[in-house]
Amino acid sequence: MKSLGNSCILGILFCAFYLPLVVSFPKVTIPAELRTVVAKIAVNTTSCSVTCGPGFRLEEMCEMTPTGERRNCTLRRSGCLTTWACGLLHFTIPVGKPFQFSCLTSDAVNFGSQGYFYTWRLAQGLITTNDVLFKPFKNPDPIIRFSPTRESDAGTYRCDVQMLKTFRIIKRIYFGVRVVQNGLMGLNFEKPSTWEQNPAVNKEEGSTESSTHEEEQQDCWQGKLFYERLIGVGSGVLGGVLVTMALCCLQKIWRRRAAKKQTEI
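Residues numbered from 1 in each chain as written. Predicted model: local features only at pLDDT ≥ 70, side-chain atom pairs only at ≥ 80, totals over all residues. Heavy atoms only, no water.

### Focus: the pattern of salt bridges
Selection rule: Counted as salt bridges are all cases of a side-chain nitrogen of Lys or Arg within 4 Å of a carboxyl oxygen of Asp or Glu. Only DSSP runs of H or I covering at least 4 residues are called helices, and only runs of E covering at least 2 are called strands; the numbering of each starts at the N terminus. When accessible area is computed with a 1.4 Å probe and restricted to protein chains, residues below 20% of their type maximum are described as buried, those above 50% as exposed, and intermediate ones as partly exposed.
Tallied over the full model, the rule gives seven salt bridges. Ionic pairing is found between glutamate 59 and arginine 76, a salt bridge with its closest N-O pair at 3.0 Å. Residue glutamate 59 is located in strand E2 (residues 54–64), and its partner arginine 76 is located in strand E3 (residues 70–81); the two are separated by 17 residues in the primary sequence. Note that glutamate 63 and arginine 71 form a salt bridge whose closest N and O atoms lie 3.6 Å from each other. Classification of arginine 71 by relative accessible area gives partly exposed; the value is 37%. Sharing partners across several salt bridges, the network here consists of Asp131, Arg158, Asp160 and Arg172.

Here's what the structure looks like:
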């Protein structure tokens, strides 16, 4: 049975390859009108201007003749969409400072933004992407402005960009906003807390500060060595005096014993 099935498969393959050789297909003739038709197609294009959400790309459009010749080439901007999920952006803002963030880039706003509408939601006081924790936030514009920023503005803002015609979500982005007191912490993260943590400043100021620092260390070490030597010499002298006095006492004792022995004899 197995050999019979294999033979049937081989017979079908043979017929499939042999059939085009036996059957003749009618020839296709191209009308004369189509031979002179010029098509306008995109011959080159750039990548999308953004990595997520609506953006645009530049396309080079050329008229293509039947002989393959390009002519009357122009550049045009067309919309593009790579992915709709943009993730979470973090901001740390001091109290009282004006601040704003936008759901769309400036290029996307200028290019076809009238076909979108925006839905904002807020998880107040939290930095999260859990959609269950968000509540509606009234703002029909793509931009949220704080002027000035208050502590109650802290939280995560979610923006959904949707098409007006189809209600399709083409972008979702989260903005995590932290609000801090001005005197609570410094926002200059590039500035180190201690002198030793900033090698760049050490190099710039090393010509003056490092030399003085080394001189101070040398003076300190020289002073310590002087006192150590002085203490060593003094202890040596004191030890020598004590040993000399002990030897003198022993000599006197021996002499007295010797004198007693002589008198007894």
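### Let's talk about the side chain of glutamine 162
Condition: The definition of a polar contact used here is a pair of N or O atoms within 3.5 Å, where within protein one atom must be able to donate a hydrogen and the other to accept one, and adjacent residues in sequence count solely through side-chain atom pairs.
Inspection of the secondary structure puts glutamine 162 in strand E9 (residues 155–163). Judged by relative accessible area, which is 14%, glutamine 162 ranks as buried. Polar contacts involving the side chain of glutamine 162 include one to the side chain of threonine 119, which spans 3.4 Å. Here the side chain of glutamine 162 touches phenylalanine 167 through a polar contact of 3.0 Å, landing on its backbone oxygen.

### Points about the sheet that holds strand E10 (residues 169–180)
Strand pairing in a sheet relies on backbone hydrogen bonds, with the paired strands running either antiparallel or parallel. Heads up, the rule is: DSSP calls a pair of strands paired once it identifies at least 2 bridges connecting them. Only the stretch in contact is used when fitting a helix axis, every axis being a line fitted to C-alpha atoms; angles between N-to-C directions are given from 0 to 180 degrees.
Read across the sheet, five strands follow the order E4-E10-E9-E6-E7 without closing on themselves; strand pairing throughout is mixed. Edge positions in the open sheet fall to strand E4 (85–94) and strand E7 (135–137), since each of these has one partner strand only. Averaged over all pairs of adjacent strands, the angle between strand axes in this sheet comes to 30°, irrespective of strand direction. Where E9 meets E10, eight bridges bridge the pair, whose relative direction is antiparallel. Each bridged residue has a counterpart across the sheet, and for threonine 156 the counterpart in E10 is glycine 176.

### Describing the sheet that holds E2
Overall, antiparallel pairing links the three strands, which are arranged E1-E2-E3 in an open sheet. The open sheet terminates on both sides in strands that have one partner only, identified here as strand E1 (39–45) and E3. On average, each strand axis in the sheet is tilted by 35° relative to the strand beside it, whichever way the strands run. Looking at chain direction, E1 and E2 are connected through six bridges and run antiparallel. Note that in E2 the partner of asparagine 44 across the bridge is glutamate 60.

### Describing the pairing of E10
Within E10, ten of the twelve residues are buried, leaving the element largely enclosed by the surrounding structure. Sheet topology places E4 next to E10; eight bridges connect them, and they run parallel. What sits directly across from isoleucine 93, in E10, is valine 179. Linking two consecutive strands that pair antiparallel, namely E9 and E10, is a turn of five residues; a positive phi of about 60° is found at phenylalanine 167 within it.

### With respect to the state of the cysteines
Cysteine pairs can be linked by a disulfide, which is a covalent bond between their two sulfur atoms. The criterion, for reference: Two cysteine sulfurs form what is called a disulfide whenever their separation falls within 2.5 Å.
The full count for this structure, using the stated rule, is four disulfides. Cysteine 103 shares a disulfide with cysteine 159; S-S distance 1.9 Å. Its torsion about the S-S bond being -105°, the disulfide of cysteine 103 and cysteine 159 is classed as left-handed. Here the residue cysteine 103 occupies a position in the loop between strand E5 (99–102) and helix H3 (106–110), and cysteine 159 occupies one in strand E9, the gap between them amounting to 56 residues. Here cysteine 103 matches cysteine 159 in class, with each residue buried.

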